[in-house]
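Descriptive structure summary
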Amino acid sequence: MPVSSGVRKRIKELLDPDDEIHYVFPADVFGSTNPGVFFAVTRKTITILTTGYLSRKTPKRVVSTTLRNHRIGPVDTSTVPWFKFNGVDYEIDDEYIAVVHAADAEIMRGKPEDPLPDL
């Protein structure tokens, strides 16, 4: 299910007012007592917002901000879809794999892919 307009509005309130949201998706932190987060990918940053203990659907505060020049993925789909970002493992629902790929593709524009990545 896509992230609702109400959640996007709340996320926008917590971000730099001069920035614009490109992608938003929920994720869970592996092994955390408070696993629910939202990734907000903007023109300038990748911002991670926590949802708090009582509701996993309402962003409460910013917990991490990274410059936009980083990839989020790749997403490992051999089991439950997951990825590692800034040293933390996150799990996502299948429907958000395409969102992560789109966000990563956006920053990869103009950069040719390595034709021999295994060498």
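Relevant structure appears above.
Here's what I pulled together on the structure shown here. Bear in mind the structure is a predicted one, so any value in this text is a computation, not a measurement.

A count of helical and extended segments in the protein chain gives two helices and six strands. The helix and strand sequence of the protein chain, counted from the amino end, reads α-β-β-β-β-β-β-α. The C-alpha atoms of the protein chain give 14 Å as radius of gyration, which agrees with the globular expectation for 119 residues (14 Å, within 12%). Considered along the principal axes of its C-alpha atoms, the protein chain spans approximately 45 × 35 × 25 Å. In the protein chain, of all internal contacts separated by at least 6 residues, the share reaching a separation of at least 24 is 40%. Counting only carbon and sulfur atoms, one obtains 55% of the accessible surface of the protein chain, whose full area is about 7,300 Å². Averaging the positions of the 15 positive and the 17 negative side-chain charges in the protein chain gives two centres separated by 8 Å.

About the thresholds
- Residues numbered from 1 in each chain as written.
- Predicted model: local features only at pLDDT ≥ 70, side-chain atom pairs only at ≥ 80, totals over all residues.
- Heavy atoms only, no water.
- Helix = DSSP H or I, 4+ residues; strand = E, 2+ residues; numbered from the N terminus.
- Rg over C-alpha atoms; globule rule 2.2 N^0.38 Å.
- Contact = heavy atoms within 4.5 Å.
- Areas by Shrake-Rupley, 256 points an atom, 1.4 Å probe, with all protein chains shown as cover.
- Lys, Arg positive; Asp, Glu negative; His and termini not counted.
- Charge placed at Lys NZ, Arg CZ, Asp CG, Glu CD.

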